[in-house]
Amino acid sequence: MAKLESLDPKSLNPLQQLAQKVGIAADYTDIWGGRHRTSDEVLLGLLGAMHIDAEHSKSVPQRIQELDDQSWLTPLPPVQLTGA
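Description of the structure in this document. (Residues numbered from 1 in each chain as written. Predicted model: local features only at pLDDT ≥ 70, side-chain atom pairs only at ≥ 80, totals over all residues. Heavy atoms only, no water.)

Quick word on the overall build of the protein
Within the protein one finds three helices and three strands. Tracing the protein from N to C terminus, the helices and strands come up as β-α-β-β-α-α. In the protein, which comprises 84 residues, the share counted as buried stands at 25%. Contacts in the protein between residues at least 24 apart in sequence constitute 59% of all its contacts with a sequence separation of at least 6. As displayed, the protein has an accessible area near 6500 Å², and 58% of this comes from carbon and sulfur atoms. (Helix = DSSP H or I, 4+ residues; strand = E, 2+ residues; numbered from the N terminus. Buried < 20%, exposed > 50% of the residue type's maximum accessible area, 1.4 Å probe, protein only. Contact = heavy atoms within 4.5 Å. Areas by Shrake-Rupley, 256 points an atom, 1.4 Å probe, with all protein chains shown as cover.)

Written out as structure tokens, the structure reads:
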């Protein structure tokens, strides 16, 4: 893996964007302080283990949109207001 100076979020490909949305890091820092980008093969394996289809490049943008929409479609938990 190539050493990276900094990882600009705008430089992420769709697969890396999808991985970040579900909590998978697109890069990591090794024990010597070197930053490395997570390979696409590793990202595909981790996404597959989470039952997220990312094998087809057409499904990745659609899945990203579904995850974005999910936060808006999930209702908030109920609350109870009380007077002070």
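Moving on, there is more to tell.
Things to note about unusual backbone geometry
One non-glycine residue, histidine 51, lies in the positive phi region at around 60°. Structurally, histidine 51 is set in the loop between α2 (40-49) and α3 (59-73).

A look at the pattern of salt bridges
Enumeration over the complete set of coordinates arrives at three salt bridges. Arginine 35 is the partner of aspartate 27 in a salt bridge, and the nearest nitrogen-oxygen pair spans 2.1 Å. Under the relative-accessibility criterion, arginine 35 is labelled partly exposed at 27%. Put simply, arginine 63 and glutamate 66 hold a salt bridge, and the shortest N to O gap is 3.1 Å. (Salt bridge = Lys/Arg side-chain N within 4 Å of Asp/Glu carboxyl O.)

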